[in-house]
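What follows is each chain in one-letter form.
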Amino acid sequence: MTEEKHFVEIRHAKKSFGTLEVLKDINLTVERGQIVGIIGSSGSGKSTLLRAINDLDPLSGGEVWLDGVQVNKSLPHRQYEKHINAMRQQVGMVFQHFNLFPHLTVRDNVTMAPKLLKGISNDEAETLAREQLEHVGMLEKIDAFPSQLSGGQKQRVAIARALAMKPKLMLFDEATSALDPELVEEVNQVMKKLAEEHMTMIIVTHEMDFAASVCDRVLFMEKGVVVEEGPPEVIFKNPEKQRTREFLRKHIEGAA
Amino acid sequence: MGLDFTVVPGFMDIILLGALWTVAITVASAVLSFFGGIFFAVIALYTHWTVRLPFKAFEWLFMGTPLLLQLFLIYFGLVQIGIDLPAFVAGVVGLGLHFAVYNSELIQTAIIAVDKGQMEAARTLGLSRGEALRKVVIPQAVRDVIPPIGNNMIALLKDSALVSVIGVSELTLSAQRVIGKTYRPFEFYLVAAAVYYVINLCMEWVQRRIERRIALSR
Ligand SMILES: Nc1ncnc2c1ncn2[C@@H]1O[C@H](COP(=O)(O)OP(=O)(O)OP(=O)(O)O)[C@@H](O)[C@H]1O
Ligand SMILES: [Mg+2]
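Here the structure is a predicted model, which means the values were calculated and not measured. (Residues numbered from 1 in each chain as written. Chains lettered and ligands numbered in written order. Predicted model: local features only at pLDDT ≥ 70, side-chain atom pairs only at ≥ 80, totals over all residues. Heavy atoms only, no water.)

Q: How should a nonpolar patch on the surface be read in this particular structure?
A: Residue and element names in this part refer to chain B. Taken together, the side chains of Leu 3, Phe 5, Phe 186 and Leu 190 make up a nonpolar region of the molecular surface, amounting to roughly 410 Å² of accessible area. Within the element layout of this structure, Phe 5 appears in the segment before α1 (8–46). According to the relative accessible area criterion, Phe 5 is partly exposed, its value standing at 40%. (Patch = residues over 30% accessible without salt bridge, like charges linked within 9 Å, V, L, I, M, F, W, Y side chains within 5 Å. Areas by Shrake-Rupley, 256 points an atom, 1.4 Å probe, with all protein chains shown as cover. Salt bridge = Lys/Arg side-chain N within 4 Å of Asp/Glu carboxyl O. Helix = DSSP H or I, 4+ residues; strand = E, 2+ residues; numbered from the N terminus. Buried < 20%, exposed > 50% of the residue type's maximum accessible area, 1.4 Å probe, protein only.)

Q: Explain the UniProt feature "domain: ABC transmembrane type-1" (unreviewed entry) in chain B here, please?
A: Summarizing the sequence annotation, UniProt attributes the feature "domain: ABC transmembrane type-1" (unreviewed entry) to residues 19–207 of chain B in the numbering used throughout. The span residues 19–207 of chain B is 83% helical and 0% strand by assignment, and the distance between its end C-alpha atoms comes to 20 Å. (UniProt positions renumbered as here; feature names shortened; annotations may be inferred.)

Q: Just checking my understanding: could you explain the UniProt feature "domain: ABC transporter" (unreviewed entry) in chain A for this structure?
A: Taking the numbering used here, the UniProt-annotated feature "domain: ABC transporter" (unreviewed entry) corresponds to residues 8–248 of chain A. Along residues 8–248 of chain A the backbone is 40% helical and 25% strand, and the end-to-end C-alpha distance reaches 27 Å.

Q: Whenever I open this one, helix α9 (residues 185–214) of chain B confuses me. Can you help?
A: Each full turn of the α-helix corresponds to 3.6 residues, which orients residues three or four apart in the same direction. Residues and elements named next belong to chain B. Given a rise of 1.5 Å per residue, 30 residues ought to cover 44 Å, and the 43 Å separating the end C-alpha atoms of α9 matches this to within 8%. Buried within α9 are the following residues: Glu 187, Phe 188, Val 191, Ala 192, Val 195, Tyr 196, Ile 199, Asn 200, Met 203, Gln 207 and Ile 214. Contacts made by the buried residues of α9 are with α1, α6 (129–144), α7 (146–159) and α8 (171–182). (Expected span 1.5 Å × (residues − 1). Contact = heavy atoms within 4.5 Å.)

Q: What am I meant to see in the site of ligand 1 here?
A: Residues and elements named next belong to chain A. With respect to spatial proximity, 13 residues lie near ligand 1, and among them Ser 42, Gly 43, Lys 46, Ser 47 and Thr 48 are the closest. In this structure, an oxygen atom belonging to ligand 1 sits 2.5 Å away from a side-chain N or O atom of Thr 48. At 3.2 Å, a side-chain N or O of Glu 174 approaches an oxygen atom of ligand 1. Burial of ligand 1 by the protein amounts to 59% of the accessible area it has alone, namely 630 Å². A per-element tally of the shell around ligand 1 places helix α1 (residues 46–53) first, with 3 residues. (Near = heavy atom within 4 Å. Polar contact = N/O pair within 3.5 Å; in protein donor to acceptor, adjacent residues only side chain to side chain.)

Q: What's the story with the interface of chain B and chain A in this structure? I'm lost.
A: Accessible area lost when the parts come together is the quantity often used to give the size of an interface. Each partner contributes to the interface: chain B provides 22 residues, whereas chain A provides 25 residues. Each partner contributes to the roughly 2000 Å² buried at the junction of chain B and chain A, and carbon and sulfur atoms together form 62% of this total. It is Thr124(B), Leu125(B) and Leu216(B) in chain B that bury the most area against chain A; as a group they hold 31% of the surface buried on that side. Counting across the chain B and chain A interface gives 2 salt bridges. With its nearest N and O atoms 2.7 Å apart, the salt bridge here joins Glu120(B) to Arg51(A). Put simply, chain B and chain A have 7 residue pairs in polar contact (both at pLDDT 80 or more) between them. When contributions to the side of chain B that touches chain A are tallied by element, the ones reaching two or more residues are α5 (116–124) and α6 of chain B. (Buried area = accessible area lost by both parts, 1.4 Å probe.)

Take a look at the structure:
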């Protein structure tokens, strides 16, 4: 097959839900340690693209590669399940609505998957939980249940849960959209910290300021195509395409 | 002749032994109906139709016919095909499977109602579908139906009196035997009723404790 040189590579991604074409021939590459932002109006296909990367929404056509391995390669069902579970362990995902496991404590939310999938001991799990929760500033809530946390705290635990699998790549789908405005910053701080540690990240966001401050590159999507991509200085200050300018103008007006 | 409770203490040992059997059969059947309910729910929701359809017939048998008939079938019927179960075991199997089918209905609905983001989050971490069900979805579904399952278990306690017909010396049959000796039906049925009531209270207490323990985990 093709010689692989990019860390993440999406080639000719297509996706339809019934007759609705949601992704139309998308290409995207991300290098190790890069942070890529995806912006665009509601329904443009941002989540679908992100979710195609770990095959949560399988593509109808095209390829996804991660670190030299094709994620969505065609294999017999059983083998594919094994393969995709192994791939997903390497990709952390953070959802808009946190999706913490409400029946588990914060500690068990973080350690459940590593214990089950990597067979680590209870002692190792405890160390891992403390380490990851410390990292997101949530160590003091280690014994709490999700129902006892604020939205911002939940999202930080969700990030710790994803990081506990030691992923190579982190995907964020509007991690702060469901939060009260005063709770957004604490989550953004955690994401900035990851950026400083050179975690490779793909971030779908409606927060233009945040995207401008952390991303190396920003993609603007509309109706299933990437209209324009480039460094944030260009996309936000001086975009080439008329449609990008319109989106940004509307978005800034909408926010005001 | 009026009521005379002075005869009661002399037969309390037989009544209490019967109560013990009632508790034993209720607890054993409750455990079977709980795990059976989870197992049946998984069959109903996640297996191929070749497994699911025969299961539906089995489910109909347990939901659509009298429990009494089911107990006769298990105790007297199975002997004919070489399965000779002791009365206690036959009673537990009958009660347990009967209520497992009812619990399964509750658990199925609850599994479907678990937010689909839970399955997604688990799959994203690398869990297989089966692992995600076992670790994430089913525990939440079961937690959500603890109160109605608790009600089923109270119903199970009351229906456990039916196993007297296959000769298990539980509370109701013990009371009958004492009545046979004393000709004091009113007194001893009342005593039996009081003992059922006490067992019932204990079960409600256990249920409340479980509910309090899981209150935080919602
Ligand atoms: N499972 C699905 N079945 C059918 N249609 C879907 C499904 N998921 C997404 N869609 C449709 O695909 C289109 C793109 O959805 P997507 O969630 O990717 O958009 P988005 O850019 O993330 O939007 P938002 O900013 O609102 O999150 C939408 O029109 C949506 O209704
Ligand atoms: Mg979206």
